[in-house]
Amino acid sequence: MSKRITVKLSAMPKLPKINFTPCSYKGPSLEAIGTIRQNNVNPIMKPLYKKPLLLHQGYMQWLFDNDGKRYLDMFGGICTVSVGHCHPKVTDAAFNQWNKLVHTSSLFQHPKLYEYSQKLADKMPGDLKVVYLLNSGSEANDLAILLARLYTGNNEILSLKNCYHGMSYQTMGLTSLANYKYKVVPPPAIHNVMNPDVFRGIWGGSNCRDSLAQTSRHCSCREKECEACDNYIRMLKSEFQSTVGPGKLAGFFAESIQGVGGAVQFPRNYIKEAYKIVKENNGLFISDEVQTGIGRTGDHFWGFESHGILPDIVTMAKGIGNGFPMSAVVTTKEIATTLTTGSHINTFGGNPIASAVGLAVLDIIEEEQLQENSKEVGSFLITELDKMRKRFPNIGDVRGKGLMIGVEMVENDGKMTPMSPTNFDDLLDKCREMGLILGVGGYNRNVIRLKPPMCITKEDASFALEVIEKALKSQL
Ligand SMILES: Cc1ncc(COP(=O)(O)O)c(C=O)c1O
């Protein structure tokens, strides 16, 4: 059990200086918001902190609460604010479009949808050149299920345990995390297969991951060998004997690094080998790049590139809109054309404002070299957090690539028992008190997720590290 020490204000790490003054908050009080929440908002919308945070303004990597207190946002609105809160170029693009045309529907043509689709297609490798714009990640994955079934003529869909692909009825079937499951009949022909998790899973070793940080597990694999990968692939193959039936696959879904599941990375060659099995069984490979896309992982623009595969369908959302609700499904002409065997419409998909925002986001990533920044600042954070792991027994694992990072918290019992909710929440509260917003994830809800706007600096990262270290010290 941790000691509950209130962090002394005088001892708090200093937030980096910024040249921005937020406006003062003039909305309903925190108490009034609480009453509205109780009476008029679906109770599933629970605030993260016991003492809820009321945020009213954002600027780049910073957020401001109703009292004017500033926070470094290391979660980016669940990995969604990619280029910075209210980035001036995104704001200008949205308002300029707002002044001209807000909505037409896809029955008519407006230039922004076409400009954006082309720019996005230019960012994709191979024949992945046909774009369908939608509004949310769940919608994009729903459409990918449909495309895979139409194209292959098969029904069976596979996804990995511990993955998150959305909350529509069908994507709830893809998503394989117990707390996102309801007692309702699950959607048919969607199966969740063993997750190749090299930290918590049955197999894992000391050099499985494409990361600067490895697990504390040991293995005797030589260079370029990975017994864990071989074993997990064996389990995937067995699914075709027991569940799917050989040659009967429609599609296999995978995040390039699991997001909500706690930044879980697979053994290096797993996705490449899984891809081969998918092809042998007539299926399509669908990469969900909702969190790992547009440069966040640093080495590549798309997470799947670091696995050395070319998917058949790529889905994306969140960061492509920097907070504006939008998503996309990108695939080949051949696969996309299967949709024309019926009628399909999406009222808001490719809306002029969404398209203008999407264009601005892609421009900013190039102009401000945010992929390079993700690599540089992310590598610094991962390396320093991994050093911290060796100093603090409560850190069980550090993993990730670029600015897609997970820190799995455990009890100090030598058994890697997931940190209790009380201790974990206490840690988050202390960080919040010191001006740091962290994300939460993992099926045990014990993983700190660091997925900040990609514009954060090394100075910001150092501040975050200082805060986390201070909070951890108070739990020793
Ligand atoms: C990897 C991934 N796919 C899909 C989704 C679903 O996106 P949305 O909430 O926009 O429907 C999410 C959301 O967290 C996600 O992380």
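Just above sits the structure.
Residues numbered from 1 in each chain as written. Predicted model: local features only at pLDDT ≥ 70, side-chain atom pairs only at ≥ 80, totals over all residues. Heavy atoms only, no water.

Brief notes about the overall build of the chain
Each helix and strand counted, the chain has 13 helices and 15 strands in total. Taking the principal axes of the C-alpha coordinates as reference, the chain spans close to 65 × 65 × 45 Å. Looking at the chain residue by residue over its 476 residues, the buried ones come to 56%. A fraction of 74% describes how many contacts in the chain between residues 6 or more apart in sequence connect residues 24 or more apart. Summed over all atoms, the accessible surface of the chain reaches about 21,100 Å², with 54% contributed by carbon and sulfur. Looking at charge distribution, the chain has the averaged site of its 53 positive side-chain charges lying 5 Å from that of its 47 negative ones. (Helix = DSSP H or I, 4+ residues; strand = E, 2+ residues; numbered from the N terminus. Buried < 20%, exposed > 50% of the residue type's maximum accessible area, 1.4 Å probe, protein only. Contact = heavy atoms within 4.5 Å. Areas by Shrake-Rupley, 256 points an atom, 1.4 Å probe, with all protein chains shown as cover. Lys, Arg positive; Asp, Glu negative; His and termini not counted. Charge placed at Lys NZ, Arg CZ, Asp CG, Glu CD.)

Looking at the packing of helix α3 (residues 88–98) against helix α10 (residues 352–367)
Relative to each other, α3 and α10 sit at 155°, their axes nearing to 8 Å. Compared by their axis directions, α3 and α10 come out roughly antiparallel. The handedness of the crossing between α3 and α10 is right-handed. Taking contact as the criterion, the partners of Lys89, Val90, Ala93, Ala94, Gln97 and Trp98 in α3 are, on α10, Pro352, Ile353, Ala356, Val357, Ala360, Val361, Asp363, Ile364 and Glu367. (Axes fitted to C-alpha atoms, helices over the stretch in contact; angles between N-to-C directions. Parallel < 35°, antiparallel > 145°, perpendicular 65-115°, else oblique. Left-handed = near helix turned anticlockwise from the far one by under 90°.)

Observations concerning unusual backbone geometry
Positive phi, close to 60°, is recorded for isoleucine 78, a residue that is not glycine. Positionally, isoleucine 78 belongs in helix α2 (residues 76–79). Residue isoleucine 78 is classed as partly exposed on the basis of its relative accessible area, which comes to 39%. Phi at glutamine 369 is positive, roughly 50°, even though this residue is not glycine. In this fold, glutamine 369 is placed in the loop between α10 and α11 (370–391). Taking relative accessible area as the criterion, glutamine 369 reaches 49% and is therefore assigned partly exposed.

Things to note about the site of the ligand
In the region of the ligand, the neighbouring residues are Ser136, Gly137, Ser138, Asn141, Tyr164, His165, Gly166, Glu255, Asp288, Val290, Gln291 and Lys318. Aspartate 288 places a side-chain nitrogen or oxygen 2.7 Å from a nitrogen atom of the ligand. Contacts to the ligand include glutamine 291, whose side-chain N or O atom sits 2.8 Å from an oxygen atom. Expressed as a share of its isolated accessible area of 390 Å², the protein-covered part of the ligand is 83%. No other element matches helix α5 (residues 137–152), which puts 3 residues into the shell around the ligand. Grouping the amino acids of the shell around the ligand by side-chain chemistry returns 2 nonpolar, 7 polar and 3 charged. (Near = heavy atom within 4 Å. Polar contact = N/O pair within 3.5 Å; in protein donor to acceptor, adjacent residues only side chain to side chain. Nonpolar A, V, L, I, M, F, W, Y, C, P; charged D, E, K, R; others polar.)

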